[in-house]
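# Chain and residue survey
Below are the chains, spelled out letter by letter.
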Amino acid sequence: MLRQVQCLADDLRAHAAPFAEQVRALPDSLDLAGIESVVIVGNGDSDHAARAVEMAFRSLAGVDCRPVSALPFTHYRRSAAPSSPARVLTLAISASGSSPLVVRSAEQARAEGGAVVALTGGAASPLARAAHGTVLLALPGQEPSPGVRTYQASLLGALLLAIALGQARGHLDRATADTLRDELGALADAVEATVGENIRRTRQIADRIAHAPVLTLLGGGPSHGSALYSAAKAIETSAVFAVGQDLEEWCHVERFAGPRDLPVFVLAPDGRCSRHARRVAQRAAELGRRLIAVAPADHLDGLHAWAELPVHGQVREEFSPLLYHLFAAPLACHLAQCLNRVPFAAGRAPHAPPAPASHQAALRSRPFPPPTPETVKEEAP
């Protein structure tokens, strides 16, 4: 899993341009110029990616955009009116291309007359066959693991499609669209720097939060998708229960949960709700939470964080999901190592024998160890 994280910068360098060419080569029959709204469908990581790129479609493509999980899409959505499907683009995301309800979503959208684009790593997959056009997110040398490289590939493919859609609709001129594509590829250096530092820092943080009853990860806008993805990695990899939540919703609900020293990660990129993220972070610290700030390396002052996970480089908010998930996989891996667990084990049957009652009691009563100077600041008085 750590090897996957260390591949991310090179993947971005290698695949930004080829993926962009695939987006440009999508069939003319999609009529991107006539698209007025986008629905993004996925499950798991793909659903989290959909929520992370929603802002990009709204701001860069100038269209309404709705991320919808595959089950609500297939079972609870009202079918499009006969006159409107051609103006709706359904973007179906599945790394394997075989997620049954995502495939069914694409088939339903196409049967209603809408345009369907697939983002998938499976060239001959059922999803690719169901779509009008496919952006193939092929990554060489993949290993069995919770999704890391595939998640970045889904983000990159979706962001490139948002740029292309904006250009086709006249919302972006060609020069601006090319500049945006160049920005995506140029983020590789920031990915590399952020990964390098966060692998080291998350190891020390994991040692101190591994036995917490729950981890809470907060973000707004695109970072809400990043928070959901980050929580999923902790669960899949280490069987530690984690929750991704919207910044404001945490203030209304989860902030009332105990114990008071629960770990709370606040994702605070520069952007529309950065001030709100900082206020929520301050409130979490005041309540006694173990606040872990995921923020620009030069904007960490004043957050009063228990621990810091710096994000390097300058990035527009629409592209921030490429940087603000980078701590998640190393953290999840280090948590699993601390707890002697392997990915996905808790979801398989038969289950391993439960730990002895005395061991369970010891874990429940074990306090969080004190912070250390390098990655964890002194506790506020």
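Residues numbered from 1 in each chain as written. Predicted model: local features only at pLDDT ≥ 70, side-chain atom pairs only at ≥ 80, totals over all residues. Heavy atoms only, no water.

## Quick word on the pattern of salt bridges
In this structure the tally under the stated criterion is 20 salt bridges. Of the charged contacts in the structure, one is a salt bridge between Asp178 and Arg181, with a shortest N-O distance of 2.8 Å. Here Asp178 and its partner Arg181 are both found in helix α7 (residues 174–186), 3 residues apart, which amounts to about one turn of the helix. Arg181 gets classed as buried once you look at its relative accessible area, which sits at 11%. For Arg283, the salt bridge identified is with Glu286, shortest N-O distance 3.7 Å. With Arg283 and Glu286 both in helix α11 (residues 274–286) and 3 residues apart, this pair spans about one turn of that helix. (Salt bridge = Lys/Arg side-chain N within 4 Å of Asp/Glu carboxyl O. Helix = DSSP H or I, 4+ residues; strand = E, 2+ residues; numbered from the N terminus. Buried < 20%, exposed > 50% of the residue type's maximum accessible area, 1.4 Å probe, protein only.)

## Concerning the packing of aromatic side chains
Pairs of aromatic rings are described using the distance from one ring centre to the other and the angle between the two planes. For the coordinates displayed, the defined rule picks out 2 aromatic pairs. Centre to centre, the rings of Tyr151 and Tyr229 are 3.7 Å apart; their planes meet at 10 degrees, and the pair counts as stacked. Residue Tyr151 is located in helix α6 (residues 149–168), and its partner Tyr229 is located in helix α9 (residues 222–238); the two are separated by 78 residues in the primary sequence. Since its relative accessible area comes to 1%, Tyr151 is described here as buried. The exposure class assigned to Tyr229 is buried, which follows from its relative accessible area of 0%. Considering the side-chain rings of Phe265 and Phe327, the 5.7 Å spacing of their centres and the 15 degrees angle between planes classify their relative orientation as stacked. Placement of the pair is Phe265 in strand β8 (residues 263–267) and Phe327 in the loop between α12 (321–324) and α13 (328–339), with a sequence separation of 62 residues. In terms of burial, Phe265 and Phe327 fall into one category: buried. (Phe/Tyr/Trp six-rings, centres within 6.5 Å; stacked < 30°, edge-to-face > 60°.)

## Comments concerning the environment of Cys333
Relative to the assigned elements, Cys333 resides in helix α13. A sequence separation of 95 residues divides Cys333 from Ser238, and the C-alpha atoms of the two residues are 7.0 Å apart. In contact with Cys333, other than residues within four places in its own chain, are Met1, Leu2 and Thr237. (Contact = heavy atoms within 4.5 Å.)

Treat this as a map of the structure, not an account of what it does.
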